[in-house]
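# Observations on the model geometry
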Amino acid sequence: MGGTVNTQDTRSLEKFAAPLGGEVELLELSYEGGVNLLRVRIRQGNRFTDLDLDQVTAAHWGTAMTAWAEAGT
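Let us look at the structure shown here. (Residues numbered from 1 in each chain as written. Predicted model: local features only at pLDDT ≥ 70, side-chain atom pairs only at ≥ 80, totals over all residues. Heavy atoms only, no water.)

A few words now on the side chain of R39. Position of R39 relative to the elements: it lies in strand β3 (residues 36–44). Of the polar contacts made by the side chain of R39, one reaches the side chain of D52; its length is 2.7 Å. Excluding residues that lie within four positions of it along the chain, R39 makes contacts with E25, L26, L27, L29, D50, L51 and D52. (Helix = DSSP H or I, 4+ residues; strand = E, 2+ residues; numbered from the N terminus. Polar contact = N/O pair within 3.5 Å; in protein donor to acceptor, adjacent residues only side chain to side chain. Contact = heavy atoms within 4.5 Å.)

Glancing now at the sheet that holds strand β4 (residues 47–53). With antiparallel pairing, the 4 strands of this open sheet are ordered in space as β1-β2-β3-β4. Only two strands of the sheet have a single partner each, and these edge strands are β1 (10–18) and β4. Direction aside, the axes of adjacent strands within the sheet are offset by 15° on average. With 9 bridges joining them, strand β2 (residues 22–30) and β3 adopt antiparallel strand pairing. Pairing of L26 across the sheet is with V40, part of β3. (Pairing = 2+ DSSP bridges. Axes fitted to C-alpha atoms, helices over the stretch in contact; angles between N-to-C directions.)

Next comes the structure, spelled out in structure tokens:
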């Protein structure tokens, strides 16, 4: 990508609790040159995982998660 993330270019979109004491936060990252990514931050206790997604991958993941959630109801 070639750009660097500046703290001013990171914006929290949503944060919510997950089962078993977890927490999920969605952040928008704006890189120099106009590249925007969605960061999914998953916290479980003292551990956390960051996953940066482009718009195509985020849409695919969202569709898959929605299908799974709707099938369980």
